[in-house]
Amino acid sequence: MGHFPLQPTSYYYFGKTEIRAFGKPINWAIGNDEDWQNVNSFISVANLAQELGIKKILAPRPNLFNGLICQETDLATEFSIYGVKIKTGFFADGVELNPGQTFCLHSADCPTVVVYNQKTGKTIAAHAGRDSLFDRQAIVEGRQHRHHGVVNAIMRRMDEDP
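Conventions used here
Residues numbered from 1 in each chain as written. Predicted model: local features only at pLDDT ≥ 70, side-chain atom pairs only at ≥ 80, totals over all residues. Heavy atoms only, no water. Helix = DSSP H or I, 4+ residues; strand = E, 2+ residues; numbered from the N terminus. Polar contact = N/O pair within 3.5 Å; in protein donor to acceptor, adjacent residues only side chain to side chain. Contact = heavy atoms within 4.5 Å. Pairing = 2+ DSSP bridges. Patch = residues over 30% accessible without salt bridge, like charges linked within 9 Å, V, L, I, M, F, W, Y side chains within 5 Å. Areas by Shrake-Rupley, 256 points an atom, 1.4 Å probe, with all protein chains shown as cover. Salt bridge = Lys/Arg side-chain N within 4 Å of Asp/Glu carboxyl O. Core = buried A, V, L, I, M, F, W, Y, C linked by side-chain atoms within 4.5 Å. Buried < 20%, exposed > 50% of the residue type's maximum accessible area, 1.4 Å probe, protein only. Phe/Tyr/Trp six-rings, centres within 6.5 Å; stacked < 30°, edge-to-face > 60°.

### What to know about the side chain of lysine 122
Within the element layout of this structure, lysine 122 appears in the loop between β9 (112-116) and β10 (123-127). Within polar-contact distance, the side chain of lysine 122 engages the backbone oxygen of arginine 157 at 2.7 Å. The residues touching lysine 122, leaving out its near neighbours within four places in the chain, are Glu96, Leu97, Val115, Tyr116, Asn117, Arg157, Met158 and Glu160.

Given below as structure tokens:
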């Protein structure tokens, strides 16, 4: 495999949670259904993970802006590339992580929210695109259409007992 020259764009630390953010010059985008089913779409991610010693990545599909948070058990599609297991396939804006787990979130130019609970050790990482933050149809039609928003979903999950 060779050396992977890309360094994180930035680092963030919250308690025992470390976030390494990567962006340009690599195009990390996985946009359409065909890309998500194609193992080759994950080669850059797997190469980086292998270089960092990461064995498993949880990668929800935020394409639907649905405000959902998933768990590892929801991610039924599994690839193994360069010895790195990538679990994906579930449409959700975010993923709940146990200590030591790694996530990959393809959020394009949308913000990513990471919440860490020091008391429980629970971490949730989520895509926070505009339509993930609120239910636009509820405003337009006057009734709830999909969800109350990814931030509400995160807070509900943080309130649950471990």
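### Quick word on the pairing of strand β1 (residues 10-14)
Looking at chain direction, β1 and strand β2 (residues 17-21) are connected through 5 bridges and run antiparallel. Paired with tyrosine 11 across the strands is arginine 20, a residue of β2. In textbook terms, the turn of a hairpin is the stretch between consecutive antiparallel strands, and for β1 and β2 this stretch comprises 2 residues, one of which, glycine 15, has a positive phi near 60 degrees.

### A look at a nonpolar patch on the surface
A cluster of nonpolar residues, Leu133, Phe134, Ile139, Val140, Val151 and Met155, forms a patch on the protein surface that exposes about 560 Å² of accessible area. Secondary structure elements with two or more residues in the nonpolar patch: α4 (136-141) and α5 (150-159). Mapped onto the elements, valine 140 comes out in helix α4.

### Regarding the nonpolar core
Among the nonpolar cores identified, the biggest contains 11 residues, and these are Phe42, Val45, Ala46, Ala49, Ile57, Ala59, Phe79, Ile81, Val84, Ile86 and Cys104. When contributions to this core are tallied by element, the ones reaching two or more residues are α2 (43-52), β5 (77-81) and β6 (84-88). Take this core: its biggest share by element is 3 residues, from α2.

### As for unusual backbone geometry
Even without glycine at this site, phenylalanine 65 takes up a positive phi of about 50 degrees. For phenylalanine 65, the position within the fold is in the loop between β3 (56-58) and β4 (69-70). On the basis of relative accessible area, phenylalanine 65 is assigned to the partly exposed category, the value being 27%. The phi torsion at tyrosine 82 lies on the positive side, around 55 degrees, for a residue other than glycine. For tyrosine 82, a relative accessible area of 37% puts it in the partly exposed group.

### Focus: the sheet that holds β6
The strands making up a sheet associate through hydrogen bonds between their backbones, and the pairing can be parallel or antiparallel. In space, the 4 strands of this open sheet follow the order β5-β6-β3-β8, with mixed pairing throughout. Looking at which strands have only one partner, the edges of the open sheet turn out to be β5 and β8 (102-103). Sheet analysis places β3 next to β6, joined by 3 bridges and oriented parallel. Counted as the bridge partner of lysine 56 is lysine 85 from β6.

### Some remarks on the pattern of salt bridges
This model, assessed by the stated rule, comprises 7 salt bridges. Among the salt bridges present, the one from lysine 122 reaches glutamate 96, with a minimum N-O distance of 3.9 Å. Taken together, the positions of lysine 122 in the loop between β9 and β10 and glutamate 96 in strand β7 (residues 94-97) put the pair 26 residues apart, joining distant regions of the chain. Neither lysine 122 nor glutamate 96 differs from the other in exposure class; each is buried. Members of the salt-bridge network, linked through shared partners, are Lys56, Glu72 and Lys87.

### A look at the packing of aromatic side chains
A complete count under the given rule lists 1 aromatic pair for this structure. Ring geometry for tyrosine 11 versus tyrosine 13: centroids 6.3 Å apart, planes at 0 degrees, classification stacked. Under the relative-accessibility criterion, tyrosine 11 is labelled partly exposed at 39%. Classification of tyrosine 13 as exposed rests on a relative accessible area of 53%.

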